[in-house]
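# Reading the structure
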Amino acid sequence: MNSTPVNLRPSFLRMFLLLAAIGFGRGAAAEGQTGDDPAWAGFREPPVTARPYVRWWWNGNKLEKKEILRELDVMKAAGIGGVEINSIKLPNVADAHGIPSLDWLSREWCEMVGVAVEGARERGMKADIIVGSGWPFGGRFLPREHQTKILSVGRKRVTGPATVTISEVEMCKSVDLPLHSKNDQIFQTVRFVRLTPAKLDQFETGVDLTARLRDGGLTAEIPAGEHVVHYFVVQEGFQAVINGAPGSDGPVLNHFSREATEFYLNHISDGMKPTLGKLGRHFRAFFCDSLELEGANWNDDLLPEFRRRRGYDLLPWLPYLLTKTGHMGNAVDSDDAVVAGPELQDAVQRVRYDYWVTLIELFRERFLEPFTQWCHAQGGQSRVQAYGRCYDPVESSMLVDIPECDTWLHGNTGASGLRGAHSLNNKFTASGARLAGKRLVSCEEITNTGPVFFTPLEMVKIAGDESNLSGVTHSILHGFNYSPLQAGFPGWVRYGTYFNERNTWWPYFRRWADYKARLSWLLQQSDP
């Protein structure tokens, strides 16, 4: 879809003059403009809603009132319009200088949040906050039934006639997940066992061996020929929150359970309200970061929900449908999988489509919708990043109040280092927003995986321009690191392009921020 804004309210000529003024100053480009023209007034002095915001990494929650206010002054002077408060684990290499950490959601932490939002208000700035710490949402306060779940498949090739015995320990060990962020306690349960031929041209239901599970394992008779025993293990609490700050580490939330989502969100609001009162008084929006769920695919009612929605049973298809799960939920090739002919492969792909549609529906109904409802109940907006397998970037961007995409820089400093600024995901997100009549398309912008001081302001400008060309109308820069003066140079660097006063190009940053704000202002005026 074309996400380029169209039908701009100001005339084409006036828009041309305003855009020209970005590069050539007020001079001739401003000729004929008057103080009564709202487009020109907003262009000349962009409102705070058009100015870049920053992700404010609260490294280790080592917070002090004086430092919070100092950093807000730095940001205000640099032309930054707002902050996204984002608690995160202190970088492993950082010297803490004896500064204690405040536990996330503690009274002391909530008081520092109050200092930050009041300080932002006094400076004419806005504030968002992440509804948690790190990503995805989770924490040690989650009971087992609300923790993330994955149905993992293990396989064993056997030749019959024979009696096969597989212990439960062997089955669970064989489905161990090579995760980016593994939780320290994982609950494993063998749920289903099925036997199929090792080679198939057409779909066969196979033989259900689940009833043969007893005494800590499986013992079953295998008929003549080559077969595959498929065993399916539900793993609960398998993933840990990535870089959660003190007090917010632990297992990830089950995003396919509405009860789990509501339990989690109510825990947040119940923890903050005694200190802060109604949260919408302080925050423009409540943020959900990257939905990197490491392959989560299960809730206890998935099978009956699939049958209700799709009209047939999923269980007999699981031996052919599920793959072994690798890093970040990516499929891993398996030598012991069934060798499927073209007809079976085609059928499996069709079932896989139904399977993912079902997961996307459950994710929307049980996480995205209650999350947005919770945000509204607090008096704020929902802001969600379109980054995850179950987040449909078009449809979901029509649901949340502020859809967000992601613009990256990678490693090197040339134009080839860009990835994401002009990606399809950005365009899908912007298209969904426009289809729903939204003018605000947010972006976690200039995310950087390389050495921070290898990125010149020139590359920041190029990436930001490409981000706008992909449909973005507002930038959340990634990121400004909370880093006290005693941390020295370069300070506590968690992630990002290091938008911070210690960066060598910081004295020139304000010029780019003003330019970026004017672009955002113009794009936010366009009709969806």
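Here the structure is a predicted model, which is why all the values come from computation and not from measurement.

## Observations concerning the layout of surface pockets
Roughly 370 Å³ of internal volume is contained in the largest pocket. As for the largest pocket, its lining consists of 21 residues, of which Trp135, Glu292, Trp408, Thr447 and Tyr495 are closest to the centre. Here the lining of the largest pocket takes 3 residues from strand β18 (residues 442-448), the largest share from any one element. For the lining of the largest pocket, a count of residues per class yields 7 nonpolar, 9 polar and 5 charged.

## What to know about the packing of helix α3 (residues 65-77) against helix α4 (residues 107-122)
The N-to-C vectors of α3 and α4 enclose an angle of 30°; their axes lie 10 Å apart at closest approach. For the element pair α3 / α4, the angle class is roughly parallel. Between α3 and α4 the crossing geometry is right-handed. Every residue of α4 that contacts α3 at Lys65, Ile68, Leu69 and Leu72 is listed here: Met112, Val115, Ala116, Gly119 and Ala120.

## Some points on unusual backbone geometry
The omega torsion across Trp135 and Pro136 is -15°, close enough to zero to call that bond cis. Tracing the backbone through its elements, the reader meets Pro136 in the loop between β4 (126-130) and β5 (149-167). Residue Pro490 is reached from Phe489 by a cis peptide bond, and omega for that bond is 0°. Along the chain, Pro490 falls in the loop between β19 (474-481) and α13 (509-524). Although it is not a glycine, Asp215 adopts a positive phi angle of roughly 55°. Look at Ile446: it is not a glycine, yet its phi comes out positive at around 65°. By the element assignment, Ile446 lies in strand β18.

## Describing the packing of helix α6 (residues 258-276) against helix α9 (residues 342-378)
At a minimum axis separation of 9 Å, α6 and α9 run at an interaxial angle of 25°. When the axes of α6 and α9 are compared, the pair comes out roughly parallel. Judged by the twist between their axes, the crossing of α6 over α9 is right-handed. Only Glu365, Arg366, Phe367, Pro370, Phe371, Gln373, Trp374 and Gln378 of α9 make contact with α6, whose side of the interface consists of Arg258, Thr261, Glu262, Leu265, Asn266, Ile268, Ser269 and Lys273. Here the residues of the contact of α6 with α9 sort into 6 nonpolar, 5 polar and 5 charged.

## Overview of the nonpolar core
If you look at the biggest cluster of nonpolar residues, it comprises 107 residues, and the most contacted ones within it are Trp56, Trp109 and Met272. It is α9 that contributes the most residues to this core, 12 residues altogether. Leaving out residues up to four positions away in the same chain, Met272 has contacts with Leu105, Trp109, Cys110, Val113, Ile129, Gly277, Leu279 and Phe283. Core analysis: the next-biggest nonpolar cluster, separate from the first, contains 16 residues, Ile166, Leu195, Leu209 and Leu218 among them.

## Examining the side chain of Asn481
Relative to the helices and strands, Asn481 is located in strand β19. Owing to a relative accessible area of 0%, Asn481 belongs among the buried residues under this scheme. Within the structure, the side chain of Asn481 is placed 2.7 Å from the backbone nitrogen of Arg494, a separation counted as a polar contact. Setting aside its immediate chain neighbours within four residues, Asn481 contacts Trp57, Asn59, Glu71, Trp492, Val493, Arg494, Tyr495, Tyr498, Phe499 and Asn500.

## Overview of the environment of Gly42
Its location among the elements puts Gly42 in helix α2 (residues 38-44). A residue is classified by how much of its surface remains accessible, and Gly42, at 6% relative accessible area, is buried. C-alpha of Gly42 to C-alpha of Leu522: the two residues are 480 residues apart in sequence and 8.3 Å apart in space. Setting aside chain neighbours within four positions, we find Gly42 in contact with Pro47 and Trp521.

## Observations concerning a nonpolar patch on the surface
Taken together, Phe453, Phe454 and Phe489 make up a surface patch of nonpolar side chains, about 350 Å² in accessible area. Structurally, the position occupied by Phe454 is in the loop between β18 and α12 (457-469). Among the residues examined, Phe454 registers a relative accessible area of 52% and is labelled exposed.

## Thoughts on α4
The first and last C-alpha atoms of α4 sit 22 Å apart over 16 residues, in line with the 22 Å expected at 1.5 Å per residue. By the burial criterion, the buried members of α4 are Trp109, Cys110, Met112, Val113, Gly114, Val115, Ala116, Val117, Gly119 and Ala120. Looking at the buried residues of α4, the elements they touch are β2 (53-59), α3, β3 (82-88), β4 and α6. Positive backbone phi, at 75°, marks Gly124, one or two positions downstream of α4.

## Describing the pattern of salt bridges
Counted by the stated rule, this structure contains 39 salt bridges. One salt bridge in this structure joins Glu501 and Arg70, with 3.0 Å as the shortest N-O distance. Taken as a pair, Glu501 in the loop between β19 and α13 and Arg70 in helix α3 lie far apart in primary sequence, 431 residues in all. A salt bridge links Glu395 to Arg364, with the shortest nitrogen-to-oxygen separation between them at 2.8 Å. Of the two residues, Glu395 is situated in helix α10 (residues 395-399) and Arg364 in helix α9; the sequence distance between them amounts to 31 residues.

## Quick word on the confidence of the model for the protein
Averaged over all residues, the pLDDT of the protein is 90; the fraction at 70 or higher stands at 91%. In this model residues 1-13 is a low-confidence stretch, pLDDT under 50, and it forms 23 contacts with partners more than four residues away in sequence or in other chains. Under a pLDDT of 50 for its full length, residues 412-417 has, in the predicted model, 9 contacts with residues more than four places off or in other chains.

Here is what the cut-offs are and how they apply
- Residues numbered from 1 in each chain as written.
- Predicted model: local features only at pLDDT ≥ 70, side-chain atom pairs only at ≥ 80, totals over all residues.
- Heavy atoms only, no water.
- 1 Å grid on protein atoms, 1.4 Å probe; cavity = no way out; pocket = protein on both sides within 12 Å on 5 of 7 lines; lining within 4 Å.
- Points joined across faces, edges and corners; volume = space filled by probe spheres on them.
- Helix = DSSP H or I, 4+ residues; strand = E, 2+ residues; numbered from the N terminus.
- Nonpolar A, V, L, I, M, F, W, Y, C, P; charged D, E, K, R; others polar.
- Axes fitted to C-alpha atoms, helices over the stretch in contact; angles between N-to-C directions.
- Parallel < 35°, antiparallel > 145°, perpendicular 65-115°, else oblique.
- Left-handed = near helix turned anticlockwise from the far one by under 90°.
- Contact = heavy atoms within 4.5 Å.
- Core = buried A, V, L, I, M, F, W, Y, C linked by side-chain atoms within 4.5 Å.
- Buried < 20%, exposed > 50% of the residue type's maximum accessible area, 1.4 Å probe, protein only.
- Polar contact = N/O pair within 3.5 Å; in protein donor to acceptor, adjacent residues only side chain to side chain.
- Patch = residues over 30% accessible without salt bridge, like charges linked within 9 Å, V, L, I, M, F, W, Y side chains within 5 Å.
- Areas by Shrake-Rupley, 256 points an atom, 1.4 Å probe, with all protein chains shown as cover.
- Salt bridge = Lys/Arg side-chain N within 4 Å of Asp/Glu carboxyl O.
- Expected span 1.5 Å × (residues − 1).
- pLDDT = per-residue confidence, 0-100.

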